[in-house]
Amino acid sequence: MTDEAPTAGIEDAEEQRVYDTPLTERLEAILLIVDEPIGLVALAAAVGSPVPAVRQGLETLVEDYDGLGKGPRRGFELREVGGGWRLYVREDHDGLVADFVGGQAPARLSQAALETLAVIAYKQPVTRGQVASIRAVNVDSVVRTLLARGLITELFADSETGAINYGTTEQLLQHLGINSLDELPPISPLLDDGADGFDEGLAR
């Protein structure tokens, strides 16, 4: 008899306890942390339930958040975008959230945020993965910061991968004091618009 048996038993019991919780609770836990729409198959794998059950669970959550169940309508909603699912603030509250986040945001952007913002400005529409490839670092938290500051926005989701494509906002133009992105300075004296340099970065 080895010492591994009791540990394995505890792990099995913990896993069983997790999957004994209601499916909608498990779905909410995953949806709360994803930054991009997550597909049915990925959700099913994450919560350990069949795809049909997950689909039904999502429909239940949509109705619940929309106030069609026993509770009131929530300030957020569950939407299917680009073949995946994600929680969003309701459009009615966009202004409220923007004002709050703007008031909480620091006055200055970090160097990492400035570099990421430059990549998005010149390369848009661009996905987070493409930005990460260009900068050779993870940019998840930086992208969230730029979204919160209202300097970038989600343009659309890729129809095949569900990856969100980002672009800059009118607010950024106002901060820069320009009327359009055409007024951005060239990336380098050796490049017309920076496109060649970015493409080379992606190809490496």
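Quick notes on the rules
- Residues numbered from 1 in each chain as written.
- Predicted model: local features only at pLDDT ≥ 70, side-chain atom pairs only at ≥ 80, totals over all residues.
- Heavy atoms only, no water.
- Core = buried A, V, L, I, M, F, W, Y, C linked by side-chain atoms within 4.5 Å.
- Buried < 20%, exposed > 50% of the residue type's maximum accessible area, 1.4 Å probe, protein only.
- Helix = DSSP H or I, 4+ residues; strand = E, 2+ residues; numbered from the N terminus.
- Contact = heavy atoms within 4.5 Å.
- Pairing = 2+ DSSP bridges.

Undergrad: Please explain the nonpolar core as it appears in this structure.
TA: Considering soluble globular proteins, one finds that nonpolar side chains tend to be buried as a cluster. Grouped together as the largest cluster of nonpolar side chains are 16 residues, with contacts concentrated most on Leu117, Ile120, Val131, Leu146, Ile152 and Tyr166. Listing elements by their share of this core, those giving two or more residues are helix H6 (111-123), helix H8 (140-148), strand S4 (152-157) and strand S5 (164-168). Examining the composition of this core, we find that 4 residues originate from one element, H6, more than from any other. For Leu117, the contacting residues outside a window of four places in its chain are Leu109, Leu146, Leu151, Ile152, Thr168 and Leu172. In terms of nonpolar packing, the next biggest core, distinct from the first, is built from 15 residues, Leu27, Val34, Leu40 and Tyr65 among them.

Undergrad: Explanation requested: the pairing of strand S2 (residues 84-89) in the structure shown.
TA: A regular strand places its side chains so that they alternate between the two faces of the sheet. Of the strand pairs in this sheet, strand S1 (residues 76-81) and S2 are connected by 6 bridges, and their pairing is antiparallel. Within S2, the residue paired with Glu77 across the bridge is Tyr88.

Undergrad: Would you take a moment to explain the side chain of Thr127 for this structure?
TA: Tracing the sequence through the fold places Thr127 in strand S3 (residues 126-127). When sequence neighbours within four positions are dropped, the list of residues in contact with Thr127 reads Ala163, Ile164, Asn165 and Tyr166.

Coordinates in, geometry out; function isn't part of it.
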